[in-house]
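What follows is the residue order along each chain.
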Amino acid sequence: MSIRNLEDAFHPKSVALIGASDSAGSVGRIVMRNIVDGGFEGEIWFVNPKYNIVDGRVCFHSVQDIPGVPDLAVIVTPPETVPDLVRDLGEKGTRAVVVITAGLNDANGLRQKMLDAAKPYLLRIIGPNTVGLLLPRAKLNASFAHMDAKPGKIALLSQSGAIATSLIDWAADNQIGFSQIVSLGDMADVDVADCLDLLAGDAGTKAIIMYLESISHPRKFMSAARAAARLKPVIAVKPGRHSEAARAATTHTGALSGADRVADAALRRAGVLRVRGLAELFDATETLARFPIQEHVRVGIVTNGGGAGVLAVDQLMDNKGELAKLSAITMDCLNRCLPESWSHANPVDIVGDAPPERFRAAVEAVAADPGVDVILVFDCPTGLASPVEAASAVASLSNLGMIGNKPVFACWLGERVAREGRRVLLDAGIASYETPAAAANAISYLSDWSHAQRALMRVPDSRHGDKRFDREAVYRLFHRAASEGRRLLTEPEAKVAIAAYGIPVPTTLVAESLEEVERHAEELLSGGGKVVVKLVSRSLTHKSDVGGVVLDIATPGAARESAAAIAARVSTLRPDAHIDGFAVQPMIMRKQAQELILGTSQDPVFGPVVLFGAGGTGVEFIDDTAVSLPPLDDVLAGDLIDGTRIGRLLAGFRDRPAAHRESIIDALTAVSQMIVDFPCLVSMDINPLLADGDGIVALDARIEISPDALKRSGPNPDLAIRPYPSNWKKEVSLAETSYHLRPIRPDDVSLYPPFLSKVSLHDLRLRFLSPRQTFPDDALRRLTQLDYDRDMAFVALDKDSGELAGIARLSSNPDREVAEYAVLVRTDLQGRGLGWQLLVQLINFAKAEGIRKLEGRILSENKIMLGLCREFGFSVTRDTSDQSVMRTTLNL
């Protein structure tokens, strides 16, 4: 739905408990005691027809009897009573309800009856089957949790009530507080995405942690998660890492992608850090709260005990971390300040007798190395040095946990003598951990989060109209197959399709008879080399299952015999299969090439995914693949390559030169673009794709389509992430100046400061409805980093100077029914028609997106903007809640 009316649940001034009870052990009594004992300072009303008094308070017999309108209601009554209670609350004016009651489901129809009762009033429902809602800052514990939570700045969203209460208990013992705790229950209405939307803008929430078991509305979730993660750390535990993939998939890609891999890729693209365990939620939150995003996380280690350094390196490597290579200058510096017996490598072992001066000198030298991004310092207790003095030496270099712009992590091993050293470090703002593994894991949180944040910043283009891609040729192929009632393309057809998107394929000649096989082989062999003969069949998925590929054929006669042998094997092994012919192609001999697989499949939750990895006939057994959500750009495609073991081999090793990485990236972005362009594309395998220093060539390809989806035009609506809408660009000329109008991009943040410097304070007040002189960095990031599925901003750029001249913005509710708009033109460029052009672009976009209504709030003194709105047909009325503001509305 949206965050509409959800604000009442998170900031209530009054609460009604329906089902309050004095009965010992009942849920109604536990929730009642929690609300009362929590110290909630607003109105509290109890409702239960069985009682006149509960806990010394008046208990009303019905919702209608409540003397006021509760902002929030909590229901703990039998399931069959819930729909009518929801209707009564909606009629009363309540707009948010927590339904703790279980047993409302589709089987008994009560779930839908409850939703139907809420719908006319836009009443929001958290639950059913939930532990409840805790708002520690408001002193409201509307739950049956066994204890209250401390106030803090971490929000917890949990799809498991048991996990929520366990985390509350654990946090209490570790002095951790919460801003909100939402046990989401069955999520009949309010889901994770709704809460993320609300918490993204909550100033009292500095980080969001989540326990996720499922994601029911992926595009909505991705949109909300990306919006929240741009502003504050979002950290998730999602169980199910080892769930099996669907083995019935008809392509290798489908068998390899696996639901959990896709969920992992989705969270990464959303800028969310995924951790493995519950305790890690808080460890990671603490780490991310300390440090900014890092471009690289190359670790330099300083230790007075070699074993601690080795343990840390092991854990770093398990976490796919990177150990820094120290420069020659750093090595020279360390040679001068350390004894001869130091390790002469990273980790820098400064020897067990290291005094504090040696600690300081070594850490300072490592921190100065440009190839080091993060410093990890260990102290192992010895009788030769003081852990406290060592800690003081390291602390003296730190400013809020950083040396320069480099984060510092510390691990003072031991307990009795180490405790005081850790206190010194913590007082200096240095993150301190008890074990090498814990310290290395903390570094991995920073690394993984930084990587996810960089992925979040990418806005791949829809590449609309890119001349490298022949969309019409592929459409004709798909249409022909669909008209024949086929879902699977033949190999030659699939190769034509991928070649139309720029992926190189060998010459392929199709023969319908053995004689034609011989003629084609003779033609190809005339240029030298050898040929391959392959089965062409619309009814067989994998040719290798029936020996449908014969390699290394030297003569036309041998090619004919090979085709006959293939036909005989098919007749024996798959007598039901139909042979459509044989493909004859040159034998590609590239001895130093790596065999890769590229492909796509449909995840049941997140839709289309792109897969890359080690290919060949043993692809499932090698299991060296990575997946990503489309659309991809060059950077994201490169990240996909780097997520595999074979990615390292592609960089070259021993006498084998590096493969042509740019060609592989081009192939991945081509596959991504096919997904964007064709909603009918169900699955694709390009396997093997040979890659070496000379480039790539696809030796085999398979494509499956859904004929019913062929009529749907792109961009693909099944994408979990909407691509950058490059088709919404245009040029306009006004007063002898040309402007380029296009959707905003994250890197446009650099255009804002000079633009705002040329907008008068008066115009800023008119735009933002209040005086505004400064814009913090996070505010500018939020203005420029949009999720195009719900928000849009068009920028007008001077074509000559590239300067920002004006902005038009559209922000819709997640239900996409209504959108709010705003326009701002640089003060010195007003009166030239630029505002008109921006508003035209905004209205056209809103119509194309199916938005039904545009709404705006404009100061009544802003006569120019109000006049412009009237010219476009907006209705203009005074805001009843603020007489200085006019409301403008345009029905689309």
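What you see is a predicted model; the values in this text were computed from it and never measured.

**Considerations on the nonpolar core**
So, point 1. Judged by nonpolar contacts, the single largest core of 67 residues is most densely connected at Leu157, Leu196, Met210 and Phe221.
So, point 2. In terms of residue count, helix α6 (residues 192-200) provides more of this core than any other element does, 7 residues in total.
So, point 3. Apart from residues lying up to four places away in sequence, Phe221 is in contact with Val192, Ala193, Leu196, Met210, Leu212, Ile215 and Leu267.

**Quick notes on the side chain of Gln180**
So, point 1. Here Gln180 lies in strand β11 (residues 178-183).
So, point 2. A residue is classified by how much of its surface remains accessible, and Gln180, at 2% relative accessible area, is buried.
So, point 3. A distance of 2.6 Å separates polar atoms of two side chains, one belonging to Gln180 and the other to Ser179.
So, point 4. Gln180 has contacts with Phe10, Leu134, Leu135, Pro136, Arg137, Ile154, Ala155, Leu156, Leu199, Asp202 and Thr205, leaving out every residue within four places of it along the chain.

**Re the side chain of Gln294**
So, point 1. Considering the arrangement of structural elements, one finds Gln294 in the loop between α10 (278-290) and β15 (298-303).
So, point 2. Residue classification places Gln294 among the buried residues on the basis of a relative accessible area of 7%.
So, point 3. A distance of 3.0 Å separates a polar atom in the side chain of Gln294 from the backbone oxygen of Pro292.
So, point 4. Apart from the residues lying within four places of it in its own chain, the contact partners of Gln294 are Asp373, Asn405, Pro407, Leu446, Ser450 and Arg454.

**Details of the packing of helix α11 (residues 306-318) against helix α16 (residues 436-457)**
So, point 1. At their nearest, the axes of α11 and α16 sit 8 Å apart, and the two run at 40° to each other. With respect to α16, the axis of α11 lies oblique. Once α11 is placed against α16, the crossing between them reads as right-handed. Packed against α11, whose contacting residues are Ala308, Leu311, Ala312, Gln315 and Leu316, the element α16 presents Pro436, Ala437, Ala440, Asn441 and Ile443 at the interface.
So, point 2. A class-by-class count of the residues in the contact of α11 with α16 yields 8 nonpolar, 2 polar and no charged.

**Overview of helix α3 (residues 82-92)**
So, point 1. Every buried residue belonging to α3 is among Val82, Pro83, Leu85, Val86, Leu89 and Gly90, and all of these are buried. All buried residues of α3 project into a common sector of 160° when viewed along the axis, lining one side.
So, point 2. The inward-facing, buried residues of α3 contact β1 (14-18), β5 (72-75), β6 (96-99), α4 (110-118) and β7 (124-126).
So, point 3. Downstream of α3 by a residue or two, Gly93 has a phi angle that is positive, lying close to 115°.

What counts as what
Residues numbered from 1 in each chain as written. Predicted model: local features only at pLDDT ≥ 70, side-chain atom pairs only at ≥ 80, totals over all residues. Heavy atoms only, no water. Core = buried A, V, L, I, M, F, W, Y, C linked by side-chain atoms within 4.5 Å. Buried < 20%, exposed > 50% of the residue type's maximum accessible area, 1.4 Å probe, protein only. Helix = DSSP H or I, 4+ residues; strand = E, 2+ residues; numbered from the N terminus. Contact = heavy atoms within 4.5 Å. Polar contact = N/O pair within 3.5 Å; in protein donor to acceptor, adjacent residues only side chain to side chain. Axes fitted to C-alpha atoms, helices over the stretch in contact; angles between N-to-C directions. Parallel < 35°, antiparallel > 145°, perpendicular 65-115°, else oblique. Left-handed = near helix turned anticlockwise from the far one by under 90°. Nonpolar A, V, L, I, M, F, W, Y, C, P; charged D, E, K, R; others polar. Arc of directions from axis to C-beta.

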